[in-house]
Amino acid sequence: MRLSIFPLTGAILFPGLQLPLHMFEPRYRALVSDALARDRRIAMIQPKTTRDGSPLYNIGCVGKIADVEAMDDGRYNLVLDGESRFRMIRELDVATPFRQIEGELIAEDGDEVLSGIERAGFEREARRFADAQGYSVDWDAVAQLDDQSLINGVSQIAPFDAASKQALLETPDLAARCELLIQLMYFFGRQNGTDDRVTLQ
């Protein structure tokens, strides 16, 4: 399928989650206008560098505009609802100011759950990470989240670098994403270098 893309470093969207965006560049204002006139869908994908026209990572996520505010000067504030991950097949040669690709949607298992051991291991490392970073977390509310909302939500908002967040998006299933999250929290949560465990480098 043809997808109009918004390539933005550090901006990751997962299915079932939301991403607020502020569109101010003329080409991306055109992207929003085009999406609103068609199916309201914008594909989020990370570029490999910050250079304009940079090559793209292979995996992104299609979002549907759920809420939009058109400002008097032409800018947009909007919220995307994550619908499905996609795999880029090739970039298209187009006349539009925004980039477009040919991609294929990745089938998602909406019924995936973690084992009790996996969930407990994640919550244990998440508590350590939050304490190390000085975050205040409502753990009672966390306990009420289903596995997908918890793992995908943390993957999207965690303060990791762009490459790490891309790796989370590319994991094939929820259990693999959970395991990678645990590794990333361990790696980023220990900054004094005194631990002997293997890092992700």
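Parameters at a glance
Residues numbered from 1 in each chain as written. Predicted model: local features only at pLDDT ≥ 70, side-chain atom pairs only at ≥ 80, totals over all residues. Heavy atoms only, no water. Salt bridge = Lys/Arg side-chain N within 4 Å of Asp/Glu carboxyl O. Helix = DSSP H or I, 4+ residues; strand = E, 2+ residues; numbered from the N terminus. Buried < 20%, exposed > 50% of the residue type's maximum accessible area, 1.4 Å probe, protein only. Core = buried A, V, L, I, M, F, W, Y, C linked by side-chain atoms within 4.5 Å. Contact = heavy atoms within 4.5 Å. Expected span 1.5 Å × (residues − 1). Phe/Tyr/Trp six-rings, centres within 6.5 Å; stacked < 30°, edge-to-face > 60°. Polar contact = N/O pair within 3.5 Å; in protein donor to acceptor, adjacent residues only side chain to side chain.

Visitor: A description of the pattern of salt bridges should follow, citing residues and the corresponding values.
Guide: For the coordinates displayed, the defined rule picks out 13 salt bridges. For E83, the salt bridge goes to R41, with nearest N and O atoms at 2.7 Å. On the criterion of sequence distance, the pair formed by E83 in strand β5 (residues 76–91) and R41 in strand β3 (residues 41–45) is long-range, its members being 42 residues apart. What makes E83 partly exposed here is its relative accessible area of 34%. Where salt bridges share partners, they join E25, R27 and D52 into one cluster.

Visitor: Which residues make up the nonpolar core, and what values go with them?
Guide: With 23 residues, the main nonpolar core has F122, I151, F160 and L168 as its most contacted residues. For this core, the secondary-structure elements that each account for two or more residues are α2 (116–133), α4 (147–157), α5 (162–170) and α6 (174–189). Looking at this core, the element that brings in the most residues is α6, giving seven residues. In this view, I151 contacts L114, F122, L174, R177, C178 and L181; residues no more than four positions away in its chain are not counted. Grouped together as the second largest cluster of nonpolar side chains are 18 residues, L13, Y28, C61 and I65 included.

Visitor: Which residues make up α2, and what values go with them?
Guide: Look at α2: 26 Å from first C-alpha to last across 18 residues, which is about the 26 Å you get at 1.5 Å a residue. Immediately downstream of α2, the backbone of G134 shows phi near 80 degrees, a positive value.

Visitor: Any details on the environment of G10? Residues and values, ideally.
Guide: Mapped onto the elements, G10 comes out in the loop between β1 (2–7) and β2 (18–23). The partly exposed category is assigned to G10, whose relative accessible area is 34%. On a C-alpha basis, the gap between G10 and A163 in space is 8.2 Å, while along the polypeptide they are 153 residues apart.

Visitor: Can you break down the packing of aromatic side chains residue by residue, with the values?
Guide: The tally for this structure, following the rule as stated, stands at five aromatic pairs. Between F160 and F188 the ring centres are 5.1 Å apart and the planes differ by 20 degrees, which places this aromatic pair in the stacked class. Of this pair, F160 sits in the loop between α4 and α5 while F188 sits in helix α6, and the two are 28 residues apart along the sequence. Three or more aromatic residues link up through ring pairs in this structure, and these residues are F129, Y135, F160, F187 and F188.

Visitor: How would you summarise the side chain of R119 if you had to cite specific residues and measurements?
Guide: If you trace the backbone, R119 turns up in helix α2. Overall, the relative accessible area of 13% leaves R119 in the buried class. A polar atom in the side chain of R119 sits 2.7 Å from the side chain of E123. At 3.0 Å, the side chain of R119 forms a polar contact with the backbone oxygen of L145. Once you skip the residues sitting within four places of it in the chain, R119 turns out to touch L114, V142, A143, L145, D146, D147 and L150.

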